Amino acid sequence: MAVATREQAPAAADRGLWSWITTVDHKRIGIMYAVAAFIFFLIGGFEALLIRTQLAQPNGTVLSAEAYNQIFTMHGLTMVFAVIMPIAAAFQNYFVPLQIGARDVAFPRINAFAFWLFFFSALFLYTSFLFGGAPDGAWVGYAPLSTQLTEYVRMDYYSVGAQLLGVASLAGSINFIATIFTMRAPGMSLMRMPVFVWMTVVTSFLLILSLPVIGVGLWQMLFDRNFGTLFYAAQAQGDPLLWQHLFWIFGHPEVYVLILPAMGIVSEILPVMSRKPLFGYAFVVFSGIAIGFLGFGVWAHHMFTAGLGPVAEAGFGLATMLIAIPTGVKIFNWIGTTWGGRLKLTTPMLFSLGFISMFVIGGLSGVTHSIVPADTQQHDSYYIVAHFHYVLFGGAVLGYMAGAYYWFPKWTGKMLSETIGKWHFWITLIGFNLTFAPQHILGLDGMPRRTYRYDAGLGWDGWNMMSTIGSYLIAVGVLVFIWNIIRSWRNGEPAGNDPWDGRTLEWTTSSPPPVHNFDEVPVVHHVDDFWYRKYGVDEEGRAVKMPEVSGGALTVDTDSGGEDADGDAHDIHMPSPSYFPIIASLGVVTIGAGLVFISSGAIGFALLALGAIVSLWGFMGWAGEPITKEAH
Amino acid sequence: MRRIVSIVALGLVLASCSSNLPQSSLNPKSVEAQKIDGLWILVFSIATVIFFAVQIALIVSIVRWRRRPGDDSEPKQTHGNTRLEIVWTIIPAVILAVIAVPTLRTLFELRAPATGDVLRVKVTGHQWWWEFEYPDIVGPDGRPLITANELHIPAGRTTELEMTSADVIHSFWVPPLAGKRDLVPGLTTYIKITPLESAAGEVIPGQCAEYCWLGHADMRVKVHVDAPDDFETWAAGQLEPAPVPTTGAAVGGFETFSGVCATCHQANVRQPDGTVETIGTAIGPDLTHFASRDTFGAGILENTAEHLAAWIDDPSALKPMAPELNDLDRGRVLGMPDYGLDPDQIAELVELLESWK
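Treat the numbers as computed from the prediction; the structure is a model and nothing was measured.

Draft legend 1. Region of the structure containing the pattern of salt bridges. Throughout the structure, instances matching the rule amount to 31 salt bridges over all chains. For the salt bridge of arginine 275 of chain A with aspartate 501 of chain A, the shortest nitrogen-to-oxygen distance reads 2.9 Å. Of the two residues, arginine 275 of chain A sits in the loop between helix 9 (240–274) and helix 10 (281–294) while aspartate 501 of chain A sits in the loop between helix 16 (461–491) and helix 17 (529–534), which places them 226 residues apart along the sequence. Considered together, arginine 275 of chain A and aspartate 501 of chain A belong to a single accessibility category, that of buried residues. When the shortest N-O distance is used, the salt bridge between aspartate 498 of chain A and lysine 534 of chain A registers 2.6 Å. You can see aspartate 498 of chain A sitting in the loop between helix 16 and helix 17 and its partner lysine 534 of chain A sitting in helix 17, a full 36 residues away along the chain. Both residues of the pair, aspartate 498 of chain A and lysine 534 of chain A, belong to the buried class. One salt-bridge network, held together by shared partners, links Arg275, Asp498, Asp501 and Lys534 of chain A together with Glu74 of chain B.

Draft legend 2. Highlighting the packing of aromatic side chains. Scanning the model with the defined rule gives 77 aromatic pairs over all chains in all. Positioned over the ring face of tryptophan 20 of chain A is arginine 28 of chain A, at 4.3 Å from the centre of the ring. Sitting over the ring of tryptophan 173 of chain B, lysine 180 of chain B keeps its end group 3.8 Å from the ring centre.

Draft legend 3. Fine view of the nonpolar core. Counting 267 residues, the largest nonpolar core has Phe172 and Phe257 of chain B as the members making the most contacts within it. Among the elements that line this core, the one with the most residues is helix 4 (residues 65–99) of chain A, at 22 residues. Those residues within four positions of phenylalanine 172 of chain B in sequence are excluded, and the remaining contacts are Trp130, Phe132, Leu151, Leu161, Met163, Gly179, Lys180, Arg181, Leu183, Ile191, Val221 and Val223 of chain B. Within the second largest apolar cluster, 11 residues are counted, among which are Met321 and Ala324 of chain A together with Val43 and Ala100 of chain B.

Draft legend 4. Molecular detail of helix 3 (residues 82–111) of chain B. For helix 3 of chain B, spanning 30 residues, the distance from its first C-alpha to its last is 42 Å, which sits close to the expected 44 Å at 1.5 Å a residue. For helix 3 of chain B, the principal kink sits at alanine 100 of chain B and spans about 25°; a proline, proline 102 of chain B, occurs within the next four residues. Listed as buried for helix 3 of chain B are Glu85, Trp88, Pro92, Leu96, Ile99, Ala100, Pro102, Thr103, Thr106, Leu107 and Leu110 of chain B. Along its buried surface, helix 3 of chain B packs onto helix 10, helix 11 (310–338), helix 12 (347–370) and helix 13 (372–378) of chain A together with helix 2 (31–65) and strand 8 (189–193) of chain B.

Draft legend 5. The interface of chain A and chain B, seen in detail. The interface is formed by 107 residues belonging to chain A together with 96 residues belonging to chain B. It is Arg342, Gln377 and Leu444 of chain A in chain A that bury the most area against chain B; as a group they hold 8% of the surface buried on that side. Among the salt bridges present, the one from aspartate 455 of chain A reaches arginine 220 of chain B, with a minimum N-O distance of 2.8 Å. Sorting elements by how many residues they give to the side of chain A that touches chain B places helix 11 of chain A first, with 14 residues. When the residues that make up the side of chain A that touches chain B are grouped by side-chain class, the tally is 61 nonpolar, 28 polar and 18 charged.

Draft legend 6. Structural view of the sheet that holds strand 13 (residues 276–280) of chain B. Residue and element names in this part refer to chain B. Pairing within the open sheet is mixed, and its 3 strands lie in the order 11-12-13. Every other strand in the sheet has two partners, leaving strand 11 (242–243) and strand 13 as the edge strands with one partner each. Where strand 11 lies against strand 12 (residues 266–270), 2 bridges are found, and the strand directions are parallel. Of the residues in strand 12, the one forming a bridge with proline 243 is arginine 270.

Draft legend 7. Representation of the domain arrangement of chain A within the structure. All names here are of chain A. Domain annotation of chain A identifies domain 1 (3–577) and domain 2 (579–632). The straight-line distance from the C-alpha centre of domain 1 to that of domain 2 is 29 Å. Each partner contributes to the interface: domain 1 provides 27 residues, whereas domain 2 provides 22 residues. Interface area for domain 1 against domain 2, summed over the two sides, is near 2,200 Å², with a carbon-plus-sulfur share of 76%. When residues of domain 1 are sorted by the area they lose upon contact with domain 2, Arg109, Phe113 and Phe120 head the list and together hold 30% of the total. There are 1 salt bridge connecting domain 1 and domain 2. Between arginine 109 and glutamate 625 there is a salt bridge; the shortest N-O distance is 3.0 Å. The tally of links between domain 1 and domain 2 comes to 2 residue pairs in polar contact (both at pLDDT 80 or more). Sorting the residues of the side of domain 1 that touches domain 2 by element identifies helix 2 (17–21), helix 5 (108–127), helix 7 (154–182) and helix 8 (195–226) as the ones contributing at least two each. The leading source of residues in the side of domain 1 that touches domain 2 is helix 5, at 9 residues.

Here is what the cut-offs are and how they apply
Residues numbered from 1 in each chain as written. Chains lettered and ligands numbered in written order. Predicted model: local features only at pLDDT ≥ 70, side-chain atom pairs only at ≥ 80, totals over all residues. Heavy atoms only, no water. Salt bridge = Lys/Arg side-chain N within 4 Å of Asp/Glu carboxyl O. Helix = DSSP H or I, 4+ residues; strand = E, 2+ residues; numbered from the N terminus. Buried < 20%, exposed > 50% of the residue type's maximum accessible area, 1.4 Å probe, protein only. Phe/Tyr/Trp six-rings, centres within 6.5 Å; stacked < 30°, edge-to-face > 60°. Lys NZ or Arg CZ within 6 Å of the ring centre and 35° of its normal. Core = buried A, V, L, I, M, F, W, Y, C linked by side-chain atoms within 4.5 Å. Contact = heavy atoms within 4.5 Å. Expected span 1.5 Å × (residues − 1). Bend = angle between axes of the 7 residues up to and from the residue. Buried area = accessible area lost by both parts, 1.4 Å probe. Nonpolar A, V, L, I, M, F, W, Y, C, P; charged D, E, K, R; others polar. Pairing = 2+ DSSP bridges. Domains from an automatic or database assignment. Polar contact = N/O pair within 3.5 Å; in protein donor to acceptor, adjacent residues only side chain to side chain.

Now the structure itself:
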């Protein structure tokens, strides 16, 4: 193992805050995404606890209606835009280049810009608490409620904040697509890519195609609020439902943006821990693509009570049913992957299996929404809240937890504790079900969502109390996880390069990997290429360990014939650090602040001007700066 | 896992049997809600079977194929099985096709316009109360029956709600009677409700299901399902004008009503000389028969003199509203202001309103 040369790798091996601020290394950016997402996860989780505390008993008095509305809106916005999307981006940033055998991403500085823009936009959204309150129109921001009160800037924050976060996601998505399509190692054809990389392709396209739609909707909201336009004003022949269409044409694909990367992670972990290839690789990949396509044809199932008429409702109901087919294929293929294996029930495996089990529940309740008449009872009730938490917590969050346990060793070189990890898993699983299973019943029993209080005597008290107790148990699980991270970071067992006997290229390099990822670019011959460097099959089809090659088992076939072959880590040119992306992102967020306060006159215009100058400085500097400064 | 299943299953069983779930969609009390419930039971049953099949398959696979201590053997490297995969693509498709048939049939039945002897009610959603107008039930003075927050409909006959909103989007949801339907400004949406004969005499609660800001949780509705005769009696009573008092504290109350309350509330009154007139502006709920309602404040307060006095004294203390943001020129009404009436005025007003049965 060529560990000795790693320390001498060029570029940004230095430490300190400045090196993080100016980094363009996809791995460091990935770590920053993860840390930021985790901080926002704690904030969003705290908001969830406030909500559950308020609802523990009938006519709770912990929060006023005004506070409750802001808290539940921010809980939704935070968890979607500042937790699940960025944690997916964290894994994608760190592992997509490693899994495709690339040394970096296609646009390292756009990557840095996307991270900083996301981070400052999310922080900016939270400054709303200091200026008259946070957005309080629910994360869906339905018009004309969202345009009704211009006395507050709350929904201006919503409009601009979501817009900025969307721009950050767009930048990130373009970078991923360019990286995956142009920077794969020799031999890695599309159908040899890990499923996680495939799911990154799908989600990136979903974002590129859907974010502009809500972008238009958000601009119209801002204009209706500040410049007297009447896009959503019924009294002037505007259309309140226009917003709902624009929102959900984005919002439904967005759900798949949140869940597909988690499905990708689970599709990585199951084969490794089952010691078998993924069952039906092509089916899993194409079902993911099918989910992505169908995701654009079902948005109006969020509007089955809005009065679209039975023909449209029938069409969207049938399209929604169709999505169950590729989703079912994935679940069956995952179970098929475990069948006949030698399952190592490690923490990442437990979270992956928990993901499958919980996602089945969320998927089945999702099918009940396609039954349009039944959906008119479920819509906007706690049944829906239960459903999407089974998808986004039982699905996405458990999937990302699986990813965290699986890849933490690669990030840090140390294992997370398996013992604490199992406590974490079981507390989370039980707490999660205690919280959200009763909400199905609450919804069917008539409890609407987004209500800050309810009367006793409706049969809801016990279920609400159970749900609140469950939410505290989830919080305990999160504390256990934090403890595990801190403890393992300090004294975790050393991981080595390949602690799980992995199948994909990220396990061929050191933990953590050097700045340039691979000393020698690997050449790929198979899907799960790394596995086939370690194992063959005997005549009965069983895996057989191959004899170790001299110099260690991890020798990787390299592109020794190509002109890119360096063979020597000293000659690899990595992009130089740059502070221009962070300056540009600060400028863009300042422009956003100017837009929020545009109706306050001078302050708004001053912020706009300042933001324009700073962005111009950032982007011009960026454009004029060579990618790689001459080394010493 | 099994425990969770049993909790969910037990809960659903309890929910559908128990009688103290007045707002539950699992206790249908109209023809339409029964159709939805039938569909739900069908789909829930199929989903339950699939749920157990998949979870059991998963658990069996985990238990059977888990690596046992000391076992270092490697499994057979299967990459897939195209036939099997095609089978488990087609089976869900077939199940869904089967479910789709009753779904679409029920959908078109429920969405078809009501025909025959239909009672029409115009529903207007307001932040944060419900206005009901019966355009076909008209008094001798030509004024239709108008009421608020408590809807009366006859059992055994179809009522069609024609709904719209005066401000933001609301949603009318009385789960035992019908699926919810949004009230969208600028649009008209419809709900059909044919209450079962057996529901006569029941008061069924519901509430707004589309988030509409501060008062959303407190925007409740009560539906009185009346026997047909009781409905006729009620309607006839509601068409009667409210008497303008000539004696007692209520006289002062009427002065306050005309001077203050009438800014936003209407009442159809009969003067002592017998003339009938409508006083006030229809911004808030019509108060002609205020005392005939069981509750007020959109269903959040029992209609008692004490509650009413407290409400008039400081409405926002009992229900979160934002009257300071009212802007009548722009048609924006966000709740009833505190007019700073003195206790005597309030007592007189309560006397008046509680006499308007």
